[in-house]
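A structural walkthrough
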Amino acid sequence: MSRADTRADTQADGELGVSGDRAPRPLWSLGLLRNELGTTFRRRRTLMLLAVLACVPVLVGIAVRVQTADGGGRGGPAFISLVTNNGLFLVFTSLAATLPVFLPMALAVVAGDAIAGEAGAGTLRYLLVAPAGRTRLLLVKYAAALAFSLAATLVVAASALIVGVLLFPLGEVTLLSGTAVPFTEGLLRALAVAGMVALSLTGVAALGLFVSTLTGSGIAAMATTVGLVLTAQILDALPQLAAVQPYLFPHYWLSFADLLRDPVYWDDIRSNLGLQAVYVLLFGSAAWARFTTRDITA
Amino acid sequence: MPRNEPKRITGEWDDGGDRPRRSKLVRYGVPVAVAGVAAATIGLVPAFAGPGAPDLPEISAQDLIAKAAASDVQQLSGTVRISTDLGLPELPGGMSAGAFGESGGDKDGGAADPKDKLMELASGTHTLRVAADGADRQRVSVIDKAAEYSLVRNGDKVWAYDSGSNTAFRATGPQAEKHATPRSMGDMTPQKLAKQALEAAGDTTSVTVDGTAKVAGRDAYQLLVKPKQAGSTVGAIRVAVDAQNGVPLRFTLSPKSGGAPVVEAGFTSVDFAKPEAGTFAFSPPEDAKVIDGDEVRTQHDRKAENRPNKLPGLPQELTGAGARDADGMDVIGHGWTAIAKIDGGSEGKGEKAATGRKAGATGDAAAFMDSLGEKVTGTFGSGHVFSTRLVNALVTDDGTVYVGAVDRQSLIKAANAAK
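Below or above, wherever it landed, is the structure these notes cover. Computed from a predicted model, the values in this text were never measured in an experiment.

What counts and what doesn't
- Residues numbered from 1 in each chain as written.
- Chains lettered and ligands numbered in written order.
- Predicted model: local features only at pLDDT ≥ 70, side-chain atom pairs only at ≥ 80, totals over all residues.
- Heavy atoms only, no water.
- Core = buried A, V, L, I, M, F, W, Y, C linked by side-chain atoms within 4.5 Å.
- Buried < 20%, exposed > 50% of the residue type's maximum accessible area, 1.4 Å probe, protein only.
- Helix = DSSP H or I, 4+ residues; strand = E, 2+ residues; numbered from the N terminus.
- Contact = heavy atoms within 4.5 Å.
- Pairing = 2+ DSSP bridges.
- Axes fitted to C-alpha atoms, helices over the stretch in contact; angles between N-to-C directions.
- Parallel < 35°, antiparallel > 145°, perpendicular 65-115°, else oblique.
- Left-handed = near helix turned anticlockwise from the far one by under 90°.
- Expected span 1.5 Å × (residues − 1).
- Arc of directions from axis to C-beta.
- Salt bridge = Lys/Arg side-chain N within 4 Å of Asp/Glu carboxyl O.

What follows deals with the nonpolar core. Looking at soluble globular proteins, one finds that nonpolar side chains tend to be buried together. One finds F79, F92, L124 and F256 of chain A to be the most contacted residues of the largest nonpolar core, which totals 83 residues. For this core, the element with the highest residue contribution is helix 7 (residues 134–167) of chain A, accounting for eleven residues. Not counting residues up to four positions away in its chain, the partners in contact with F92 of chain A are F79, G186, A190, V193, F256 and L260 of chain A. Counting 27 residues, the second-largest nonpolar core is a separate cluster that includes A61, Y221, V234 and L390 of chain B.

Structure, rendered in structure tokens:
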């Protein structure tokens, strides 16, 4: 059990860092967090997920490049008609294409596995033997999930940028409002968009973590989370449910596109961040309530 | 048991019998509280924001109309929200495609043509950003999901840009002005809609001041316009007029049948400062496909002949049907209950119904609706009644069409009288 070994290391670290009366250090969870990040990102599965995500922009880019020969056209993911004119738009297209399914799915694997996976592998009880505290462990798990979502978003964006540079011309970026801005500003906006996408996923991460505390099977937690993400999006597409849609977490996901207007249109972005915050608080606290009170048998 | 528990908690748990249960309850209380606070916020915020009627000195309806008419606000910028719910049957062919972001369908070269965009605005909810500086500098941007449609007028230059298809539409000169824009687009702003409502006033209409309201953070009087005639399907028109400068801030048209407004257009935020000069500057992106207004117009006219997209109930300015000829049409009655009578099911005929809101239905549309109508009979013979929330139409079996913003009885009565 290599994971258990690594855990043992941190626990050793923790013990050394904590003084005799076990007063928490100011940077109390850094050691645990560093260890958790290491475990997450060293895992082969995580690397595979990131590699698959990196392939999406390549596919989109090649498809657009091949398709351009016969004129392109409308339809498909957002911004796709703008890609041929400016490679930077491949970043936005790729993010718009991966945000509904690929990114949440990858995140669900990491977040859903966070607690349930440890329980399933029988390592959870050893984790809790350490004087780390369940709350702290949960926070660290959540932080690792967020770090993964940021990394995944950046991987998609970076891969898209590279493919965009290779396959398409670059230059002044035409915003949605028809205003042209210098390429550097376009790059900054692309970075902001990637940040927005990562923030849009915080709700899913909290949801996945909560589901993860409910079960002892990592696979079940991942599947449930993915299922919830898809269900929410199907509900979000049914016109008859317009009344509840503003409260579904994917509802404002595409609002990241509002960063590409001139001036930026903040209303939906604000709604998106507010909604994600509510989901984080709700499912985060639910996960905390569940995890700190349940019996750990595995 | 304690072997699994973190030490601090274990200590507590060993203390007493019902501690764990209580602590469990307390902990589960946190997410419940979060949910409660969120639900309360969702439920209460609109309630607080909505009817916070400000205290304003009394004003007569006449003074209020005068105030609105005299309003000389030249500079403003803001966000307008338009919701239209005509109660039309869901149409095949993506009439409401705009509501789903990517407006699909078979957009031709004229994707940036203002006319097509106006069609989209006629259904669903849309957010517009508007800015104006004097009579000849305006900008309207329709905020779509991941796309934007901008219409910019600066002097005699008119540009439209559709980011979804990366197409720019260019028009210049007075002709362009008539064809393309701010005028027709301006009809969708509260100003224009309100003016139309006020012009419709007369002996058929009661106009009163109905309290005050807060719109886009500004104090406003509510002007209430109600038809006096019984058969009208129009319940009430409310116009919120800025108490300070007389700018109409919100326009609401409610049907007599109750429910959500048929049309609601209002500012969600507004600022009367001079917009930045750069707002009205537009040069087409290098890579955009640029379409010349005149070419598109001829194309468009050709297409329009075989396109069944003129719908009853759409204000004529929206459908762009205004230019069509109107032969073979009589208007029965006047004011709110005016009914248009159109003879024969001849193809592609434009027609006008009365009052401020006009209706148009081509033969194609009528044929399409034939499957949706409800059978009625009278001394005129028999026919079908087609209903929307605002406009009803009676198509008799001999092909005569009666259409107006009136209830079914009035239509049948009119048909009977006409026989």
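Resuming the write-up.
Further remarks concern the sheet that holds strand 12 (residues 289–292) of chain B. Residue and element names in this part refer to chain B. Here we have twelve strands laid out as an open sheet, ordered 7-8-9-10-11-1-2-3-4-5-6-12, and mixed in their pairing. Edge positions in the sheet fall to strand 7 (205–215) and strand 12, since each of these pairs with one other strand and no more. The mean inter-strand angle of the sheet, taken between neighbouring strand axes irrespective of direction, is 20°. In this sheet, strand 6 (residues 167–172) lies alongside strand 5 (residues 157–162) in antiparallel orientation, the contact comprising six bridges.

All names here are of chain A. Two elements in contact, helix 7 and helix 9 (residues 202–214), have axes whose closest approach is 10 Å; the angle formed by their N-to-C orientations is 135°. When the axes of helix 7 and helix 9 are compared, the pair comes out oblique. With respect to the hand of their crossing, helix 7 and helix 9 are arranged in right-handed fashion. Counted together, L138, K141, Y142, A145 and L146 of helix 7 and T202, A205, A206, L209 and T213 of helix 9 form the full contact between these two elements.

We now examine helix 10 (residues 218–237) of chain A. Residues and elements named next belong to chain A. In a regular helix each residue adds 1.5 Å, so 20 residues correspond to 28 Å; helix 10 covers 29 Å between its end C-alpha atoms and thus fits that length. Among all positions of helix 10, only G218, A221, M222, T225, V226, V229, A232 and D236 are buried. Down the axis of helix 10, the sector holding all buried residues measures 130°, keeping them to one side. Structural note: helix 10 exposes I219 and I234 on the side pointing more than 90 degrees away from its buried face. Tucked into the core, helix 10 has its buried residues touching helix 3 (44–67), helix 5 (102–121) and helix 9.

Let us look at the pattern of salt bridges. Residue and element names in this part refer to chain A. This structure, assessed with the given rule, holds 14 salt bridges over all chains. D258 is paired through a salt bridge with R261; the nearest N and O atoms lie 2.8 Å apart. Taking relative accessible area as the criterion, D258 reaches 3% and is therefore assigned buried. Here the residues in one salt-bridge network are E36, E118 and K141, joined through shared partners.

All right, on to unusual backbone geometry then. In this structure, the amide linkage connecting D262 of chain A to the following residue, P263 of chain A, adopts the cis form with an omega of -5°. Counting through the fold element by element, P263 of chain A comes out in the loop between helix 10 and helix 11 (267–293). Residue A216 of chain B is not a glycine yet carries a positive backbone phi of 50°. Note on placement: A216 of chain B falls in the loop between strand 7 and strand 8 (218–227). Its relative accessible area of 25% is what places A216 of chain B among the partly exposed residues.

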